[in-house]
Amino acid sequence: MMHSVPDTASGLSIGGQAIRNRAFLAPMAGITDRPMRMLAARYGAGLVVSEMIASAALTTGHQDMVRKLSRSPGLPHMVQLAGCEAEWMAQAAKVAEDAGADIIDINFGCPAKRVTNGYAGSALMRVPDLAQSLVEAVARATALPVTVKMRLGWDDDSLNAPDIARRAVDAGAQMITVHGRTRQQFYKGEARWEQVRAVVEAVTVPVVVNGDITDVARAREALDLSGAAAVMIGRGAQGQPWVVGQVAAALVGEAMPATPEGAELVPIVIEHYEGVLSEYGVEVGVRAARKHLDWYLEAANLPLSKATRKLMIESQNPSEVIALIEGIFGGDMLEAA
Ligand SMILES: Cc1cc2nc3c(=O)[nH]c(=O)nc-3n(C[C@H](O)[C@H](O)[C@H](O)COP(=O)(O)O)c2cc1C
């Protein structure tokens, strides 16, 4: 059956905040830090979201939570809070507002045991009254638009995203993002975009479909099956932060910005690497940057010897890594085909 395709050409707004297009970068703890968000924004993402910030820890000034609160330029500053106590969530929302947040997102989706054991993240989907009260508390505490990101439900016997979304909207939420998996799936199986349609039908605010969207074709299919207003891309943007902007352009029929290739990648990868070093300091940064270097290599699919890859990924010496980035992405250190 063909479903109606949502009108993705006209403007989208979240509580009065104009959003420039319909493809967003998903929040990913440890990955979508400020350097990654800056790149995705520059290459045309419609929205980027901070890493999940633990609300109680933020209110006590926990250094890493405060770091996660920092703004990346160019787009509305959307800050994601996690927690399961209304008081902490409200206080954290105020801290985020004072720090310049434009939109507060609440995490109802994280499947990690250390988060769900405290009834935060996706565990909130099992306690609808508590989930609703958190949205209410945050919406009362700040003048900012509040949004919620969730999964389809806890497991296949409780696909209650439509009910949770309706409650969240009653409590003041102005946009709902749904990762088309249950908590018990973690990241296994495939995202079920068609299940997101019941959420679209349950609420009047924009719904964003998420999970396994990696390119324009999949974005169109996800929008078609779900009827959602926008897509959110997470892992598909690793090592290729321009993908979100490419999808955004294609969805409105604009020419897609070209994929950077070969030597064009050199300044981008160096900027990301140096951004991570300055975000975390060199000692932590050299380790935090490894996964990104590996993803850039993987996405570029370069003929590289294992030894050279290892050298770049494992080096603790920033100037050596930068020279390797130049040699590898510039082409001088590649294996003969
Ligand atoms: C390493 C990792 C960290 C994540 N951290 C967060 C987070 O902080 N907040 C959140 O709402 N979702 C988080 N997610 C979930 C993603 O936002 C997204 O819902 C999920 O990865 C599915 O989308 P994708 O297939 O496009 O990656 C994380 C996912 C991954 C893989």
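Residues numbered from 1 in each chain as written. Predicted model: local features only at pLDDT ≥ 70, side-chain atom pairs only at ≥ 80, totals over all residues. Heavy atoms only, no water.

**Some words on the sheet that holds strand S5 (residues 78-82)**
Here is step 1 of the chain: Across the sheet, which stays open at both edges, the eight strands sit in the order S3-S10-S9-S8-S7-S6-S5-S4 with parallel pairing between neighbours. Every interior strand has two partners, whereas the edge strands, strand S3 (23-25) and strand S4 (49-54), have only one. In this sheet, neighbouring strand axes are inclined to one another by 30° on average, regardless of whether the strands run parallel or antiparallel.
Here is step 2 of the chain: As paired strands, S5 and strand S6 (residues 103-108) are joined by four bridges and run parallel to one another. The residue of S6 that forms the bridge with Leu 81 is Ile 106. (Pairing = 2+ DSSP bridges. Helix = DSSP H or I, 4+ residues; strand = E, 2+ residues; numbered from the N terminus. Axes fitted to C-alpha atoms, helices over the stretch in contact; angles between N-to-C directions.)

**Quick look at the packing of helix H1 (residues 34-42) against helix H11 (residues 265-280)**
Here is step 1 of the chain: The contact between H1 and H11 brings their axes to 8 Å, and the two run at 145°. Between H1 and H11, the residues in contact are Arg 34, Pro 35, Met 36, Leu 39 and Arg 42 and Ile 268, Glu 271, His 272, Gly 275, Val 276 and Glu 279, respectively.
Here is step 2 of the chain: When grouped by side-chain class, the residues that make up the contact of H1 with H11 number five nonpolar, two polar and four charged. (Contact = heavy atoms within 4.5 Å. Nonpolar A, V, L, I, M, F, W, Y, C, P; charged D, E, K, R; others polar.)

**Observations concerning the pairing of strand S10 (residues 230-233)**
The side chains of a regular strand alternate, first on one face of the sheet and then on the other.
Here is step 1 of the chain: Side chains Ala 230 and Met 232 of S10 all project onto a buried face; the interleaved residues Val 231 and Ile 233 project onto the opposite face, where all are buried too.
Here is step 2 of the chain: As defined by bridge partners, S3 adjoins S10 across three bridges and the pair is classed as parallel. Along S10, the bridge assignment pairs Ala 23 with Val 231.
Here is step 3 of the chain: Direction of pairing for strand S9 (residues 207-210) relative to S10: parallel, over a ladder of three bridges. Directly across from Val 209, in S10, lies its bridge partner Val 231.
Here is step 4 of the chain: The handedness of the S9 to S10 crossover, carried by helix H9 (residues 216-226), is right-handed. (Buried < 20%, exposed > 50% of the residue type's maximum accessible area, 1.4 Å probe, protein only. Right-handed = clockwise from strand over helix to strand, strands pointing away.)

**Some details on unusual backbone geometry**
Here is step 1 of the chain: Even without being a glycine, Phe 186 presents a positive backbone phi close to 50°.
Here is step 2 of the chain: Here Phe 186 shows up in the loop between strand S8 (173-182) and helix H8 (197-202).
Here is step 3 of the chain: If you check the backbone angles, Asp 212 has positive phi at about 65° while not being a glycine.

**Some thoughts on helix H14 (residues 306-314)**
Here is step 1 of the chain: When H14 is considered as a whole, its buried residues turn out to be Thr 308, Met 312 and Ile 313. Looking straight down H14, one finds its buried side chains confined to an arc of 130°; they lie on one side. The exposed set on the far side of H14, more than 90 degrees from its buried face, consists of Lys 306 and Ala 307.
Here is step 2 of the chain: Against the buried residues of H14 lie helix H13 (290-300) and helix H15 (318-330). (Arc of directions from axis to C-beta.)

**Let's talk about the packing of aromatic side chains**
Here is step 1 of the chain: Here the structure, examined in full by the defined rule, presents two aromatic pairs.
Here is step 2 of the chain: With a centroid separation of 5.8 Å and 70° between ring planes, the pair formed by Tyr 43 and Trp 242 is classed as edge-to-face. With Tyr 43 in the loop between H1 and S4 and Trp 242 in the loop between S10 and helix H10 (243-251), the pair connects residues that are 199 residues apart, well separated along the chain.
Here is step 3 of the chain: By the ring-pair criterion, three or more aromatic residues cluster together here, those being Tyr 43, Trp 242 and Tyr 296.
Here is step 4 of the chain: Here Arg 126 stacks its cationic end above the ring of Trp 154, 4.2 Å away from the centre of that ring.
Here is step 5 of the chain: Directly above the ring of Tyr 187 sits Arg 151, whose terminal nitrogen or CZ lies 5.1 Å from the centroid. (Phe/Tyr/Trp six-rings, centres within 6.5 Å; stacked < 30°, edge-to-face > 60°. Lys NZ or Arg CZ within 6 Å of the ring centre and 35° of its normal.)

**What about the pattern of salt bridges?**
Here is step 1 of the chain: Scanning the model with the defined rule gives 15 salt bridges in all.
Here is step 2 of the chain: Its salt-bridge partner being Arg 192, residue Asp 156 comes within 3.0 Å of it at the nearest N-O pair. With Asp 156 in the loop between strand S7 (146-153) and helix H7 (161-170) and Arg 192 in the loop between S8 and H8, this residue pair connects regions lying 36 residues apart in the sequence.
Here is step 3 of the chain: In this structure Arg 192 comes out as buried when scored by relative accessible area, which is 18%.
Here is step 4 of the chain: Across the pair Asp 163 and Arg 166 runs a salt bridge whose closest N-O atoms are separated by 3.9 Å. Taken together, the residues Asp 163 and Arg 166, both in helix H7 and three residues apart, mark about one turn of the helix.
Here is step 5 of the chain: By sharing partners, the salt bridges in this structure join Arg 34, Glu 51, Asp 64, Arg 67, Lys 68 and Glu 279 into a single network. (Salt bridge = Lys/Arg side-chain N within 4 Å of Asp/Glu carboxyl O.)

**Comments concerning the pairing of S8**
Here is step 1 of the chain: S8 sits mainly inside the fold: nine of its 10 residues count as buried.
Here is step 2 of the chain: Relative to S8, S7 runs parallel, the two sharing six bridges. Across the sheet, the residue bridging to Arg 151 is His 179, located in S8.
Here is step 3 of the chain: Bridge count between S8 and S9: four bridges; the pairing is parallel. Looking across to S9, one finds that Ile 176 is bridged to Val 207.
Here is step 4 of the chain: Taking the sense of rotation as the criterion, the β-α-β connection linking S8, H8 and S9 turns out right-handed.

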